[in-house]
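The chain contents come next:
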Amino acid sequence: MAGNISFSVLTNPLVEEITLLDRNNTLLTNNTSSTIVNDYALMMFEKIAIPLISIFGLIGNTLAFIVFTRPPLRQSSCSFFLAARSLSDNGFLVSLLVIWLSSVLDLKINATAGVCQTFIFLTYVFGCLSVWLVVLVTAENYVRICKPFLVNKVCKLFNAKALVIIILLIIIGFYSFPFWTMSDACVPQDRQFRYIQGMVYADSLLTFILPIIFMTFLIVAIGTTTLKSYKRRRRLSTASISASKSPITKVAKMLLAVTLIFFFLNIPSHVIRLRLAVQTFVQKDTILTRSDISIHSMSLLLYYVSLAINIIIYYSFGIKFRTVFLQIILCRRPSPYASAQSFCTTNSVVISARRIPSSNPYPPRRMMSDSFLKVKPIPRRKTSSKY
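Attention in this report is confined to the structure presented alongside it. (Residues numbered from 1 in each chain as written. Predicted model: local features only at pLDDT ≥ 70, side-chain atom pairs only at ≥ 80, totals over all residues. Heavy atoms only, no water.)

A few words now on the overall build of the chain. A tally of regular secondary structure across the chain gives 14 helices and zero strands. Starting at the N terminus and walking to the C terminus, you meet the elements of the chain as α-α-α-α-α-α-α-α-α-α-α-α-α-α. Per-residue burial for the chain yields a buried fraction of 46% across its 387 residues. For the chain, restricting intrachain contacts to residue pairs at least 6 apart in sequence, the fraction spanning at least 24 positions comes to 79%. Surface exposure of the chain reaches about 21100 Å², of which carbon and sulfur atoms provide 66%. (Helix = DSSP H or I, 4+ residues; strand = E, 2+ residues; numbered from the N terminus. Buried < 20%, exposed > 50% of the residue type's maximum accessible area, 1.4 Å probe, protein only. Contact = heavy atoms within 4.5 Å. Areas by Shrake-Rupley, 256 points an atom, 1.4 Å probe, with all protein chains shown as cover.)

Under the criterion given, the structure shown has 17 aromatic pairs. Between Phe92 and Tyr304 the ring centres are 6.1 Å apart and the planes differ by 40°, which places this aromatic pair in the tilted class. One end of the pair, Phe92, is in helix α3 (residues 77-104); the other, Tyr304, is in helix α10 (residues 290-308), with 212 residues separating them in the sequence. Comparing Phe92 with Tyr304 shows no difference in burial state: the two are buried. The structure contains a cluster of three or more aromatic residues connected by ring pairs, namely Tyr124, Phe174, Tyr175, Phe177, Trp180 and Tyr195. One cation-aromatic arrangement involves Arg322 over Tyr315; the distance from NZ or CZ to the ring centre is 5.8 Å. (Phe/Tyr/Trp six-rings, centres within 6.5 Å; stacked < 30°, edge-to-face > 60°. Lys NZ or Arg CZ within 6 Å of the ring centre and 35° of its normal.)

Once that is clear, we can look at a nonpolar patch on the surface. Side chains of Tyr40, Met44, Ile48 and Leu52 sit close together on the surface and give an oily, nonpolar patch of about 380 Å² of accessible area. Positionally, Ile48 belongs in helix α2 (residues 33-68). (Patch = residues over 30% accessible without salt bridge, like charges linked within 9 Å, V, L, I, M, F, W, Y side chains within 5 Å. Salt bridge = Lys/Arg side-chain N within 4 Å of Asp/Glu carboxyl O.)

Looking now at the environment of Val131. Considering the arrangement of structural elements, one finds Val131 in helix α4 (residues 115-146). C-alpha separation for the pair Val131 and Phe262, spaced 131 residues apart in sequence, amounts to 8.6 Å. Each residue touching Val131, except ones within four places of it in the same chain, is listed here: Thr207, Pro211, Phe262 and Phe263.

Formed by 61 residues in total, the largest nonpolar core has its most connected members in Phe68, Tyr175, Tyr304 and Phe321. Counting residues per element, this core draws most heavily on α4, which supplies 14 residues. Counting nine residues, the second largest nonpolar core, distinct from the first, contains Cys146, Val151, Leu218 and Ile222. (Core = buried A, V, L, I, M, F, W, Y, C linked by side-chain atoms within 4.5 Å.)

Right, let's get into the pattern of salt bridges. One pass over the full model with this rule turns up two salt bridges. Salt-bridge contacts for Arg85 lead to Asp89; the nearest nitrogen and oxygen are separated by 3.4 Å. Taken together, the residues Arg85 and Asp89, both in helix α3 and four residues apart, mark about one turn of the helix. Judged by relative accessible area, Arg85 falls into the buried class, the value being 2%. When its relative accessible area of 0% is taken as the criterion, Asp89 is described as buried. Across the pair Glu140 and Arg144 runs a salt bridge whose closest N-O atoms are separated by 3.2 Å. Of this pair, Glu140 and Arg144 both sit in helix α4, separated by four residues, roughly a single helical turn. Residue Glu140 is classed as buried on the basis of its relative accessible area, which comes to 6%.

Structure, rendered in structure tokens:
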């Protein structure tokens, strides 16, 4: 049937995009006049939206990476996770942009041996890594808000680097299958069809089901702790305390925005993929209709948007990120007395209060002038003994 696609190639967003773009190149010659207008509109929308999303995401993620690696933020493990996510999202968007250029310029990259498999492998790695970096950010904020006594032991930059390296090696080993299960034409081999089907289920499990279970638990725990903390502050304080001004509440808002926006934009593509996977398992052969193709194309665009709008989320909900970002854009020098607070922590507020109590009229010792510190001691008078 013209314009239909077998589910056997729907194993990865990049494979899906290759197939859908190839469908666009031949769609108009196989359709009737009643469907040409709708298909042409969708085709043109895809060809315009994909480069715009990719370029905007590459610029935004690069700026976010620069901000997270600046001195006020780079010592934080949470900032390291988000900087790594910016690079991971950029890796996926670069691959997507290359596939789009191949379709527009008719480079036939999906027919080039080794190249197509490499891009599919990279997008699997980048996609899975981005999801679990969001999980790690949520887990760290759970520790900082719900288990503050573990912060000094758990939330270290060395631990964050080691954890990311371990996860990356596991993901690379798990998703290496495109090199030996796909033909030179970037099509799954017949004898590997069952294995690739299993990888579709495993990928949905690793990038959607397990992360959403973990993050739901963590978000509920963080929200519960935040609410209890606010109620406790209201009871102990005689003055009215605004919940929006609480540092914990601000962190919870930023975290909630990063998590919910990411997964709400990812849900449609995963749901469609799971539905098609179940249909293929039951019916043994599933053919996508034109309506399925249209819905699937829009769900993929939402997935790409989730990788491109990170900087908008960070700027809107991250106060420290916004401060450093404006310093970079406006070429402002940071204040020498600005504290290097973590982008995601609330403990620094307590530490700063302990360092400089409001009732202390004298400056801290480290801020005194050298002349004030180097006061010579008064020599003791020698007394002569009568004996």
